[in-house]
Each structure stands twice: as C-alpha cells, then as structure tokens.
Amino acid sequence: MWSAILDWFADSPSQTRVVRFLLENGFGVNKDGRIACNTIAVAATQVAARLSVDRRVVEATARRILESPFSEIFINMRATPDLSVIAENLSLTVITVIPQDASKPGVVNACIQVLSSHNIGLRQVFVTDPHLSEEPRLVIIAEGKMPPGVIDELRELPVVKRLIF
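Here goes a summary of the coordinates provided. These numbers come from a predicted model, not from an experiment.

Some details on the sheet that holds strand 6 (residues 138–143)
What holds strands together in a sheet is hydrogen bonding between their backbones, with the strands either parallel or antiparallel. Taken in spatial order, the 4 strands of this open sheet run 5-6-4-7, and their pairing is antiparallel. One side of each edge strand has no neighbouring strand; the edge strands of this open sheet are strand 5 (122–127) and strand 7 (160–164). Direction aside, the axes of adjacent strands within the sheet are offset by 20° on average. Relative to strand 6, strand 4 (residues 92–99) runs antiparallel, the two sharing 6 bridges. When the bridges of strand 6 are listed, Thr96 appears paired with Val139.

So, the packing of aromatic side chains
Aromatic ring pairs are described here by two measures, namely the spacing of the ring centres and the angle between the planes. Per the stated rule, a full pass over the model turns up 2 aromatic pairs. Where Trp8 meets Phe70, the ring centres are 6.0 Å apart and the plane angle is 85°; that geometry is what we call edge-to-face. Taken together, the positions of Trp8 in helix 1 (residues 2–8) and Phe70 in the loop between helix 4 (55–67) and helix 5 (71–75) put the pair 62 residues apart, joining distant regions of the chain. On the numbers, 5.6 Å between centres and 90° between planes, the contact of Phe21 with Phe27 is edge-to-face. Residue classification places Phe27 among the buried residues on the basis of a relative accessible area of 16%.

What to know about a nonpolar patch on the surface
Residues Val108, Leu122, Val125 and Val127 make up a contiguous nonpolar surface patch of about 280 Å² in total accessible area. Among the elements that line the nonpolar patch, the one with the most residues is strand 5, at 3 residues. Within the fold, Leu122 resides in strand 5.

How each quantity is defined
- Residues numbered from 1 in each chain as written.
- Predicted model: local features only at pLDDT ≥ 70, side-chain atom pairs only at ≥ 80, totals over all residues.
- Heavy atoms only, no water.
- Pairing = 2+ DSSP bridges.
- Helix = DSSP H or I, 4+ residues; strand = E, 2+ residues; numbered from the N terminus.
- Axes fitted to C-alpha atoms, helices over the stretch in contact; angles between N-to-C directions.
- Phe/Tyr/Trp six-rings, centres within 6.5 Å; stacked < 30°, edge-to-face > 60°.
- Buried < 20%, exposed > 50% of the residue type's maximum accessible area, 1.4 Å probe, protein only.
- Patch = residues over 30% accessible without salt bridge, like charges linked within 9 Å, V, L, I, M, F, W, Y side chains within 5 Å.
- Areas by Shrake-Rupley, 256 points an atom, 1.4 Å probe, with all protein chains shown as cover.
- Salt bridge = Lys/Arg side-chain N within 4 Å of Asp/Glu carboxyl O.

Rendered as structure tokens:
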C-alpha cells in the first residue's frame, strides 16, 4: 500500500518527500486539506521548514492527498506516543532489532516468543515499515530489566541481523 501511495506522487519529488514525512510520523490530512496530527492542525510552514521545501508544496500535497484514492488513509491517520524516548524514566527496557530481512514474516513473532518464554511484560512494540525506512527495525519496550541470557537469545535468532540494547 505504501508503495502505491508513493507512486501516486512519483511525478513530484518534493511532494513525495512530504508524503513520506507524513507517513513516517503518523501525520494525516484533515478534511479541510491541512496537515494534522491526531486531528490537530499542524502549520504547513513547520512541515516545510523541517523538509526544506516551500510551504506551498506542503499545502499542494495536502490538497492532492484529498483528491487521491488514499484520502481516507490520511484522514484517519493517528500518531502513537513513543515510549522508547522516556523508557528509562519509567524503568522500562528498550530493545531495537535490526532484522536480516524486514520483508520476510516472523521477525516480531520470534522476538516476542523469546521474551514471552521469560515472562517479560511488554509495554509497546512497533516496527518501521520496510517500504518507508532505509533501515527498518523492530522496537520493543519491555517491563523492567532483562534477565540474564535474554539478550543473547535474541541475538542468536536467525531473523536478527543486529540488536541494539
């Protein structure tokens, strides 16, 4: 689906950058054609400054999104809080998994099975889409500290290329 959305904007590299930014950050477009984060409008100038594009490019992209077959996706897009940023303050552990091949199924399942076998509670799990990210990853935010051996078990999984702990 993401590749189809990006293909829709392939004729405009600037608009493609805007769309990619929106998707990567969970930003949508409201029915008035404004960039929005969880229904709160975000100034086009702020998005434009972040991407080093003209404000009019952001506004034109938002209008074009509403005219696209993907408008409902963007109208209903919602951002979720990222606990990894505040995990230490909450006594949580962040484990980042760089998979061998993010396009193949089983990465999340293999990692969750290891943690589950040690009765480790999970607070949040999210993945970056391999179609939108140059280095897709699985981020797991788990309860407390990891018992001995858990990190080694995760590193030894055949689906894991690298582990950041």
